Amino acid sequence: LEIIGDLNFYQSSNYNNYNGNLLRKYNNLDKDILNDELFKYLVQTFKEQVDKVSPIITKYIQVHQIRVYANDSSTKLVPEGIHQDGYNFIAISCIKRENIKEGINNIYDSNKSDNCFSNVLNEGEILILNDRKMFHDVTNIELDNLNKIGYRDIFVFTTVS
């Protein structure tokens, strides 16, 4: 695995009504993450699964590293609601859940009318979906113990293959 330059992140407001049409700049992943065995396993799993169903072999995968802190009430993980990300395939992998409850990943059909799957992603689990055919969202998180910090760390993998 290697980092290829500094890529900015852009989504059309057609896909993201909260942060759409904004050029967002993020730091690249730390090189230690690229050498982490779990991270390599997650990337390889995503690539293998996409390559099984895609006519184009995956060469590039974008990785989005996201931490959302819970506050003392209810914290939105996905302010844009039920949505697609604008890629062919995506994967959501939970890396850490610290002192939180809820955060249920929901997958919907192409009409956003049928909730096909709901599950709390636990640490080390990955959810892969066809972003052209399915929609997704995540319920809010709440602190489990109000006297401690709580957060949810995930990687989102995306590809246009």
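Model, not experiment: these values are computed from the prediction.

The rules behind the values
Residues numbered from 1 in each chain as written. Predicted model: local features only at pLDDT ≥ 70, side-chain atom pairs only at ≥ 80, totals over all residues. Heavy atoms only, no water. Pairing = 2+ DSSP bridges. Helix = DSSP H or I, 4+ residues; strand = E, 2+ residues; numbered from the N terminus. Axes fitted to C-alpha atoms, helices over the stretch in contact; angles between N-to-C directions.

(A) Quick peek at the sheet that holds strand S2 (residues 89–98). Spatial strand order, S1-S9-S2-S6: four strands in an open sheet with antiparallel pairing. At either end of the open sheet lies a strand with only one pairing partner, and these are strand S1 (62–69) and strand S6 (126–130). Strand after strand, the sheet turns through a mean of 20° between neighbouring axes, direction not considered. As paired elements, S1 and strand S9 (residues 151–159) share eight bridges and run antiparallel to each other. Within the sheet, the bridge partner assigned to arginine 67 lies in S9 and is aspartate 153.

(B) Representation of the pairing of strand S5 (residues 115–120). Pairing between strand S4 (residues 104–108) and S5: five bridges, direction antiparallel. The residue bridging isoleucine 107 from the neighbouring strand is phenylalanine 117, located in S5. What sits between the antiparallel neighbours S4 and S5 is a turn of six residues, in which lysine 112 has the positive phi angle 60°.

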